[in-house]
Amino acid sequence: MAAENDKLEIVPERTVEVRERRKLFRLAPAADNDLSRSSRQVAIVAADTEDEARQIASLHDAFGRNWRDPNFAVADVIQTTETQVFGDVIFRSEPVAVEGRKRAAKRR
């Protein structure tokens, strides 16, 4: 065990540089008409361009959804003050709009 006065120093073998961005792309399914589901999956990706965001989301989606297809997903740009690492992607569930469910229930 090191004495309290001893300082442990960890020297990295090599410096790792990452591309940092302040732009996020939110990819969401274009067809939001599946009212049998209570939520939908969206992808939030740190990238420079929409095409890069679509490619990154497609590569990392465990369910194999085709985020590259603009007919499947629409993209919104989010500018943030926080720094993001290029290539980071988060898949999250968002609730389906309640208004659409109410209209569908009235039609039945």
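See above for the structure.
Residues numbered from 1 in each chain as written. Predicted model: local features only at pLDDT ≥ 70, side-chain atom pairs only at ≥ 80, totals over all residues. Heavy atoms only, no water.

Q: Help me out: how do you make sense of the pattern of salt bridges in this one?
A: Should their charged atoms come close, side chains of opposite charge can pair. Evaluation of the coordinates by the stated rule reveals eight salt bridges. Of the charged contacts, one joins D48 and R21 as a salt bridge, the two residues approaching to 2.3 Å between their closest N and O atoms. Placement of D48 in the loop between β2 (39–46) and α1 (50–60) and of R21 in strand β1 (residues 20–29) is noted, with a sequence separation of 27 residues between them. The residue E94 makes a salt bridge to R40 at a minimum N-O spacing of 3.8 Å. (Salt bridge = Lys/Arg side-chain N within 4 Å of Asp/Glu carboxyl O. Helix = DSSP H or I, 4+ residues; strand = E, 2+ residues; numbered from the N terminus.)

Q: I would appreciate a short explanation of the side chain of R54 in the present structure.
A: Here R54 lies in helix α1. Here R54 falls in the buried class, since its relative accessible area comes to 5%. When residues no more than four places from it in sequence are discounted, the contact partners of R54 are L27, W67, R68, D69, P70, A73, V74 and A75. (Buried < 20%, exposed > 50% of the residue type's maximum accessible area, 1.4 Å probe, protein only. Contact = heavy atoms within 4.5 Å.)

Q: Looking at this structure, how should I read the pairing of β1?
A: Within a regular strand, side chains alternate between the sheet's two faces. Direction of pairing for β1 relative to strand β3 (residues 73–85): antiparallel, over a ladder of nine bridges. Bridged to K23 within β3 is Q79. Where β1 meets β2, four bridges bridge the pair, whose relative direction is antiparallel. Each bridged residue has a counterpart across the sheet, and for R26 the counterpart in β2 is I44. (Pairing = 2+ DSSP bridges.)

Q: Would you mind going over the nonpolar core with me for this structure?
A: Side chains of a nonpolar character, in soluble globular proteins, are inclined to be buried together. With 10 residues, the main nonpolar core is built from F25, L27, A43, V45, A47, A53, I56, A57, W67 and A73. Where this core is concerned, the elements lending two or more residues are β1, β2 and α1. Top contributing element to this core by residue count: α1, with three residues. (Core = buried A, V, L, I, M, F, W, Y, C linked by side-chain atoms within 4.5 Å.)

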